[in-house]
Structures are given as C-alpha cells and as structure tokens.
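In case you want the letters, here they are:
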Amino acid sequence: NAGVTQTPKFQVLKTGQSMTLQCAQDMNHEYMSWYRQDPGMGLRLIHYSVGAGITDQGEVPNGYNVSRSTTEDFPLRLLSAAPSQTSVYFCASSYAWAAGQYNNEQFFGPGTRLTVL
Amino acid sequence: GIQVEQSPPDLILQEGANSTLRCNFSDSVNNLQWFHQNPWGQLINLFYIPSGTKQNGRLSATTVATERYSLLYISSSQTTDSGVYFCAVRLETGANNLFFGTGTRLTVIP
C-alpha cells in the first residue's frame, strides 16, 4: 500500500489563481479530510468526507471546495488564492468514519507546501 | 469548540535524558492520538490511545480520559527524537474529526 499520497509537494501561486491539491489513498478508507498547518500552530480542519459523495465543512472552510466522487480520491480546490492561504496542507484518512467507532486511527499524507504571492 | 493545550511549548534535552509531555483537553473525548512531526514536516503516528497506557520502545503514553489529560513519556532521548509532538483528540460523537494542540517542540542535543 502506498498509504496517503499528495501532489504536488510544493506550489507557488499568484493571488487570484486557482489550483487543485490532490489526495489519494489506497486503503479503502471511508473517512478523508484536509487540514492546514500554519507556523507555530497545530493542524486545523478545512473539510472532511465520511464516504463517497458526502462532504462537510470543518473549522476553516472559507476559500476552499472539495468533492469526493470516489472512495480513493479527495481533491481540495482553491478557487481564488489569497496570501492568507499560504500554509502547509495535509490530507488524512481513516478506515472508520465516526468518532465512536473502533479502527478510526487517522493516517496523514506527506503534505503540500503552498505559497501565495 | 474543544480546547487542546500542550505543555511545555518548547523543550531542550541532552541526549539520554527523559521527558514528559502533557496534553490537556477541555471536554470529554472518544480517543486521542499522539504524532511526531519530524524536521522534514512528516507526521508520524505514535499512539492511538483512548485510555490506559501503551508502550512502544522508548516511548509510552498514558491517557486519563476522566481527568481530561494525556502524557507522552520519552526515555533515553536521541537526536532523532527532535521535532514537534502533537496530541489530537476526537469528540465522543459525530465524524472522526481531529482537534490538535499547538504542539511541543523538542530539541535533543548531543
């Protein structure tokens, strides 16, 4: 298993540009999520999905869109990049989707470092 | 929302020393994970621990859910232990969303 993969590893955008961060997992995990990490802070949840076709907002969803058309993929779209979106983005997944379920340990991808000028 | 506080924020150790990192959380949680973020930014799973104590080599973790805290013990520290340690909790119900603390930055010097 490749686990959770993310592309690209690094990206530089200009203000107003759009782009998609890719995330894929090959573990047949139901739950997938996107977090951002800003300097000196923990990770904050952007969006999450509890299964194909189902997505919902996390703590900091503004400026981002997601979709989940397959179990394996969970892309994150920046519609019009802003300097405030400069951050490191992590994708994560778990087998179980609910907080109270057994086997809901989350595993993280390697991250995408995004700079918006 | 739930508050997750980690202490100390920074820790410098001589190689071979022991340390204890603490994670306090403000509400009842279902489960807790400890991660190590290495100097290259990768998040490595250390423990998945709802309660009780688990050990993995030189590392061990204890969670006392009723008192809303967890401890991570590092014994005989090595330079490769350097990095940032995060705890993350999930609420008792709802989706499997994690809430992170702000981390403890550990530097182990030879």
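Residues numbered from 1 in each chain as written. Chains lettered and ligands numbered in written order. Predicted model: local features only at pLDDT ≥ 70, side-chain atom pairs only at ≥ 80, totals over all residues. Heavy atoms only, no water.

(A) Here's a closer look at the overall build of chain A. Secondary structure summary: chain A contains 0 helices and 11 strands in total. The helix and strand sequence of chain A, counted from the amino end, reads β-β-β-β-β-β-β-β-β-β-β. Taking 2.2 N^0.38 as the reference for a compact globule, 117 residues should give roughly 13 Å; the C-alpha atoms of chain A span a radius of gyration of 14 Å, in line with that estimate. Across its three principal axes, chain A shows a C-alpha extent of roughly 40 × 30 × 25 Å. Across the 117 residues that make up chain A, the buried fraction comes to 48%. Long-range pairs, those at least 24 residues apart, make up 55% of the contacts in chain A with a sequence separation of at least 6. (Helix = DSSP H or I, 4+ residues; strand = E, 2+ residues; numbered from the N terminus. Rg over C-alpha atoms; globule rule 2.2 N^0.38 Å. Buried < 20%, exposed > 50% of the residue type's maximum accessible area, 1.4 Å probe, protein only. Contact = heavy atoms within 4.5 Å.)

(B) Spatial organisation of the overall build of chain B. Helix and strand counts for chain B stand at 0 helices and 11 strands. The globule rule puts the C-alpha radius of gyration for 110 residues at 13 Å, and the 13 Å found for chain B is close to it. Considered along the principal axes of its C-alpha atoms, chain B spans approximately 45 × 25 × 20 Å. The proportion of buried residues among the 110 residues of chain B is 51%. A sequence separation of at least 24 residues applies to 55% of the contacts in chain B between residues at least 6 apart. Positive and negative charge centroids in chain B, built from 6 and 7 side chains respectively, lie 5 Å apart. (Lys, Arg positive; Asp, Glu negative; His and termini not counted. Charge placed at Lys NZ, Arg CZ, Asp CG, Glu CD.)

(C) Quick look at the interface of chain A and chain B. Between chain A and chain B, the contact holds 26 residues from the first and 23 residues from the second. For the pairing of chain A and chain B, the buried interface totals around 1,800 Å² over both sides, and the portion due to carbon and sulfur atoms is 53%. Of all residues in chain A, Ala-99, Glu-105 and Phe-108 of chain A bury the most surface against chain B, accounting for 29% of the area lost on that side. Remark: the boundary between chain A and chain B carries 0 salt bridges. Applying the counting rule to chain A against chain B returns 14 residue pairs in polar contact (both at pLDDT 80 or more). Those elements that provide at least two residues to the side of chain A that touches chain B are strand E4 (31–37), strand E5 (43–51), strand E9 (87–94) and strand E10 (107–108) of chain A. Looking at the side of chain A that touches chain B residue by residue, the class counts come to 15 nonpolar, 9 polar and 2 charged. (Buried area = accessible area lost by both parts, 1.4 Å probe. Salt bridge = Lys/Arg side-chain N within 4 Å of Asp/Glu carboxyl O. Polar contact = N/O pair within 3.5 Å; in protein donor to acceptor, adjacent residues only side chain to side chain. Nonpolar A, V, L, I, M, F, W, Y, C, P; charged D, E, K, R; others polar.)

(D) Region of interest: the sheet that holds strand E1 (residues 4–7) of chain B. Residues and elements named next belong to chain B. Taken in spatial order, the 5 strands make up an open sheet running E1-E3-E8-E7-E6, and their pairing is antiparallel. At either margin of the open sheet sits one strand with a lone partner, and together these are E1 and strand E6 (52–56). Strand-to-strand twist across the sheet, computed as the mean angle between neighbouring axes with direction ignored, equals 15°. Relative to strand E3 (residues 19–25), E1 runs antiparallel, the two being bridged by 4 bridges. (Pairing = 2+ DSSP bridges. Axes fitted to C-alpha atoms, helices over the stretch in contact; angles between N-to-C directions.)

(E) Broad picture of the side chain of Ser-33 of chain A. All names here are of chain A. Relative to the elements of secondary structure, Ser-33 occurs in strand E4. Judged by its relative accessible area of 0%, Ser-33 is buried. Look past the residues within four positions of Ser-33 in its chain and what remains in contact with it is Leu-45, His-47, Tyr-48, Phe-74, Phe-90, Cys-91, Ala-92 and Gln-106.

(F) Main features of the pairing of E5 of chain A. Residue and element names in this part refer to chain A. Counted residue by residue, E5 has 8 buried out of 9 residues, so it is predominantly covered. Where E4 folds back on E5, the antiparallel hairpin that results is connected by 5 residues, among which Gly-40 adopts a positive phi of roughly 75°. Pairing of E5 with strand E6 (residues 54–57) involves 3 bridges; the strand directions are antiparallel. Residue pairing for E6: Gly-51 is matched across the bridge by Ile-54. Remark: 2 residues form the turn of the hairpin made by E5 and E6, two consecutive strands paired antiparallel; Gly-53 in that turn has positive phi of roughly 85°.

(G) Spotlight on the pattern of salt bridges. Residues and elements named next belong to chain A. For the coordinates displayed, the defined rule picks out 3 salt bridges over all chains. Between Arg-36 and Asp-38 there is a salt bridge, and its shortest N-O distance comes to 2.9 Å. Of the two residues examined, Arg-36 and Asp-38, each falls in the buried class. The shortest N-O distance in the salt bridge between Arg-44 and Asp-38 comes to 2.6 Å. For Asp-38, a relative accessible area of 9% corresponds to the buried category.

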